Amino acid sequence: MRILLIGSAYNSLTQRVHAELRERGHEVAVEVTPHGDDVRTAVGRHTPDLVVAPMLKAVVPREVWSARVCLIVHPGPVGDRGPSSLDRALHDGATEWGVTVLQADAEMDAGPVWAAAACTLPGVGKSDLYRNEVSDAAVQAVLLAVERFASGRYVPRDQSTLPKAPGARTRPVMRQEERRISWADDATGTVLRTLRAADSQPGVLDELLGGEWFLHGGHPEPRLRGRPGELLATRAGAICRATTDGAVWIPELRERTAAGAPRACKLPAVTALGARLPRLPAPEAADDASWSDIRYREDGPVGVLSFAFPGGAMSTDRCRRLLAAYRAATERPTAVLVLGGGRDFFSNGIHLGVIEAAADPAAESWANINAMDDLVEAVLTTTDRLVVSAVGGNAAAGGVMLALAADEVWCRSGSVLNPHYRRMGLYGSEYWTYSLPRRVGAAMAERLTQEALPLTSARARDIGLIDRVVTCPPERFTDDVTRLAHRLATSAAAQSRIAAKKAESQRREAVTPLAAVRERELRLMHRIFSDPDAPYHALRRAFARKERAPAGPAGADAGVVALSDAWLEHGPIHRL
């Protein structure tokens, strides 16, 4: 079928639905449509058999939904209505929820139901849930709805004929007045629910150190105590703030700006506060009960180095800290080292927000990409054990290339991979011109980077980009990966594979020295970073400040012309 996806942004769910439908043989177009007029124009341009809206804030015009079926993905169970469904569910402490695919109608979220799926709401932030449990349920419901529509026989059911889930009702948008934290009165559990219900958007508006800030993310602190509202400590760029019965870690802040002023970037809390932040202790995480963005644990012959950076963004500091942890992990007597293994983002590469907010974005871009390259190089040159990248969530750009540096790449069944840099107007580094063609071949590497389309984990396995799809719910991924890694470490072939890996490393250096790969990629990246007119700078600003991308239906094509010269001059990949 000809299917048109419309959305207010080309977000993680839209990308996953796009990939899932395309890989099932449908002809799929995507349009970012922030306003009703854009919806009308997009539908007129493509004349699709079916319209699907995975994430749409605009109202579908009557002349559109009355002329063709438009399926709306609502992140709530049957009977739930309103634009803040998931926010309110988390704020109210719900543990069971769902996703409904309904037909656009005159009344918002009130149309007939084509499909629905249930999901759980474990104690994590909204954005994590949206990319995992909610995404799994949404894809299940969308695929069923599309199948039912294609059959031509299914009649969608009126919502009044279906049972409502507990708590499902019509509710208005959740505004900042309802999200306020009363530090003098609220216990840790209340504060965490408030923070998690606003993560990563819109954040919780609060006052801190004489300024107004949107707080993003929240993790409990089991030991530190202080006067409610008091700042107690810092760790890994986050700040710890006291509640009435404990404390919470807040990883990121975004400064509130005046009306009409450019939107501030979301930044690590310590970076955002800058000189306003008083000197505070910076204790290490005592155990697993205390939050940290990087952790290491061992299970017999398996070491697991996990990391969880908000938005998958890896700043210069995060790259350097992860590299130090990686080097320490390689000093341990393990046969297999698992890199990743968490349930959310693996990595999306360099931190565009920190770069945009820097005094010299070009210099920070250069520092960040070199720090990423240092980390990837350390993985590529590990020859005394097997390294497995465990991708529990999504990965993009340099984050995919970080994963490919390992000996094996395992992805959860719900992961979406974007192995390209084109949407940000970059040539790319992280040794991608070596690692990508090594896995999929030169022709496929060029196709992936030029088409710049998302891949499901199943498709990535089929083309050789990854080695294994781990089919499990998000909360089981870490345990399943650890068990599989233990099986790999104790297999009869493990030691022979390690020996072969050393020999291959020596052969590789003789044929394609990694230093030459890095120098070539960085030469092109430096040209882009240092050129103030390069599309990368406008695209980065649009992404970091949530502005409209300068070109393309999803910001996809901006910068392609400028990049083509570099590709024609130097070639896209190393021919091995």
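Structure's up top.
How each quantity is defined
- Residues numbered from 1 in each chain as written.
- Predicted model: local features only at pLDDT ≥ 70, side-chain atom pairs only at ≥ 80, totals over all residues.
- Heavy atoms only, no water.
- Helix = DSSP H or I, 4+ residues; strand = E, 2+ residues; numbered from the N terminus.
- Buried < 20%, exposed > 50% of the residue type's maximum accessible area, 1.4 Å probe, protein only.
- Contact = heavy atoms within 4.5 Å.
- Pairing = 2+ DSSP bridges.
- Axes fitted to C-alpha atoms, helices over the stretch in contact; angles between N-to-C directions.
- Phe/Tyr/Trp six-rings, centres within 6.5 Å; stacked < 30°, edge-to-face > 60°.
- Lys NZ or Arg CZ within 6 Å of the ring centre and 35° of its normal.
- Expected span 1.5 Å × (residues − 1).
- Arc of directions from axis to C-beta.
- Parallel < 35°, antiparallel > 145°, perpendicular 65-115°, else oblique.
- Left-handed = near helix turned anticlockwise from the far one by under 90°.
- Nonpolar A, V, L, I, M, F, W, Y, C, P; charged D, E, K, R; others polar.
- Salt bridge = Lys/Arg side-chain N within 4 Å of Asp/Glu carboxyl O.
- Core = buried A, V, L, I, M, F, W, Y, C linked by side-chain atoms within 4.5 Å.

## So, the environment of Asn368
- Note on placement: Asn368 falls in helix H12 (residues 361–380).
- Looking at Asn368, the relative accessible area reads 0%, which means it is buried.
- Taking the C-alpha atoms as reference points, Asn368 and Ala503, 135 residues apart in sequence, are found 31 Å from one another.
- If we ignore the near neighbours within four places in the chain, the residues touching Asn368 are Met314, Ser315, Thr316, Cys319, Ile350, His351 and Ile355.

## Considering the sheet that holds strand E3 (residues 50–55)
- Strand order in this open sheet of 6 strands is E2-E1-E3-E4-E5-E6, and the pairing throughout is mixed. Single-partner strands in this sheet number two, and they are strand E2 (27–32) and strand E6 (113–120). Strand-to-strand, the axes of this sheet are offset by a mean angle of 20°, without reference to chain direction.
- As judged from the 6 bridges shared by strand E1 (residues 2–7) and E2, these two strands associate in the parallel manner. Looking across to E2, one finds that Arg2 is bridged to Glu27.
- Helix-sheet contacts for helix H2 (residues 36–46) involve E1, E2 and E3, and the interaxial angle to E1 is about 160°.
- Against the sheet, helix H6 (residues 133–151) contacts E1, E3, strand E4 (70–74), strand E5 (96–103) and E6, and its axis sits at roughly 160° relative to E6.

## Side note on unusual backbone geometry
- Here the bond from Asp199 into Ser200 is cis, since omega is 0°, no more than 30 degrees from zero.
- By the secondary structure assignment, Ser200 is in the loop between helix H8 (188–196) and strand E7 (204–208).
- Here Gln201 and Pro202 are connected by a cis peptide whose omega angle stands at 5°.
- Inspection of the secondary structure assignment puts Pro202 in the loop between H8 and E7.
- Of note in this structure, Glu430 is not a glycine but carries a positive phi near 60°.
- Take Glu430: it is sitting in the loop between strand E21 (416–418) and helix H14 (432–440).

## Focus on the packing of aromatic side chains
- Counted under the stated rule, the structure contains 8 aromatic pairs.
- Clustering of aromatic rings is evident, with ring pairs tying together Trp114, Phe149 and Tyr154.
- Between Arg540 and the ring centre of Tyr536, over which it is positioned, the NZ or CZ distance is 5.0 Å.
- The residue whose ring lies beneath Lys546 is Phe543, and the NZ or CZ to ring-centre distance is 5.3 Å.

## Here's the deal with helix H18 (residues 494–511)
- Counted at 1.5 Å a residue, the expected span for H18 with its 18 residues is 26 Å, and the 26 Å between its end C-alpha atoms agrees.
- The set of residues buried in H18 consists of Ala494, Ile498, Lys501, Ser505 and Arg508. Taken around the axis of H18, the buried residues stretch over an arc of 80°, which confines them to a single face. Turned more than 90 degrees from where H18 packs its buried face, Gln495, Gln506, Ala510 and Val511 sit exposed.

## Re the sheet that holds strand E13 (residues 252–255)
- Within the open sheet, the 4 strands sit side by side as E7-E8-E13-E14. Their pairing is antiparallel. Looking at which strands have only one partner, the edges of the open sheet turn out to be E7 and strand E14 (267–268).
- With 2 bridges connecting them, E13 and E14 associate as antiparallel partners. For Leu253, the partnering residue across the bridge sits in E14 and is Leu267.

## Quick word on the packing of H12 against helix H19 (residues 514–530)
- Their axes nearest at 11 Å, the elements H12 and H19 cross at an angle of 160°. By the angle between their directions, the pair H12 and H19 is classed as roughly antiparallel. For the element pair H12 and H19, the recorded crossing hand is right-handed. When H12 is examined against H19, the residues Ala362, Ser365, Trp366, Ile369, Asn370, Asp373, Asp374, Glu377 and Leu380 are found in contact with a partner set consisting of Leu514, Arg518, Leu522, Met525, His526 and Phe529.
- Per-class residue counts for the contact of H12 with H19 are 8 nonpolar, 3 polar and 4 charged.

## Concerning the pattern of salt bridges
- Under the defined criterion, the tally for this structure stands at 43 salt bridges.
- The salt bridge involving Glu451 is made with Arg447; its shortest N-O contact spans 3.1 Å. Residue Glu451 and its partner Arg447 are both found in helix H15 (residues 442–451); the two are separated by 4 residues, about one turn of the helix.
- On the accessibility criterion, Glu451 (40% relative accessible area) is partly exposed.
- For Arg523, the salt bridge is made with Glu519, and the minimal N-O distance between the two is 2.8 Å. Here Arg523 pairs with Glu519, and both are found in helix H19, just 4 residues apart, close to one helical turn.
- Exposure remark for Arg523: the relative accessible area of 37% places this residue in the partly exposed category.
- Where salt bridges share partners, they join Arg16, Glu20, Arg24, Asp136 and Arg412 into one cluster.

## Comments concerning the nonpolar core
- If you look at the biggest cluster of nonpolar residues, it comprises 66 residues, and the most contacted ones within it are Leu417, Leu426, Leu436, Leu465 and Tyr536.
- The element that contributes the greatest number of residues to this core is H12, accounting for 8 residues.
- Not counting chain neighbours up to four residues away, the residues in contact with Leu465 comprise Leu404, Leu417, Pro419, Leu436, Arg439, Val440, Leu455 and Ala460.
- Core analysis: the next-biggest nonpolar cluster, separate from the first, contains 39 residues, Val17, Leu86, Val124 and Val146 among them.

## Points about the pairing of strand E11 (residues 238–242)
- Counting buried residues in E11 gives 5 out of 5 residues, a clear majority hidden from the surface.
- Where burial is concerned, the two faces of E11 agree: the one with Ala238, Cys240 and Ala242 and the one with Ile239 and Arg241 are both buried.
- Across 4 bridges, the pairing between strand E10 (residues 231–235) and E11 is antiparallel. Pairing of Arg235 across the sheet is with Ala238, part of E11.
- The antiparallel hairpin formed by E10 and E11 contains 2 residues in its connecting segment, where Ala236 sits at a positive phi of about 50°.
- Taken together, the 4 bridges between E11 and strand E12 (residues 247–250) define a ladder with antiparallel strand orientation. Its bridge partner being in E12, Ala242 is matched across the sheet by Ala247.
- The antiparallel pairing of E11 with E12 creates a hairpin that spans 4 residues between the two strands.

By themselves, these observations are geometric and do not establish any function.
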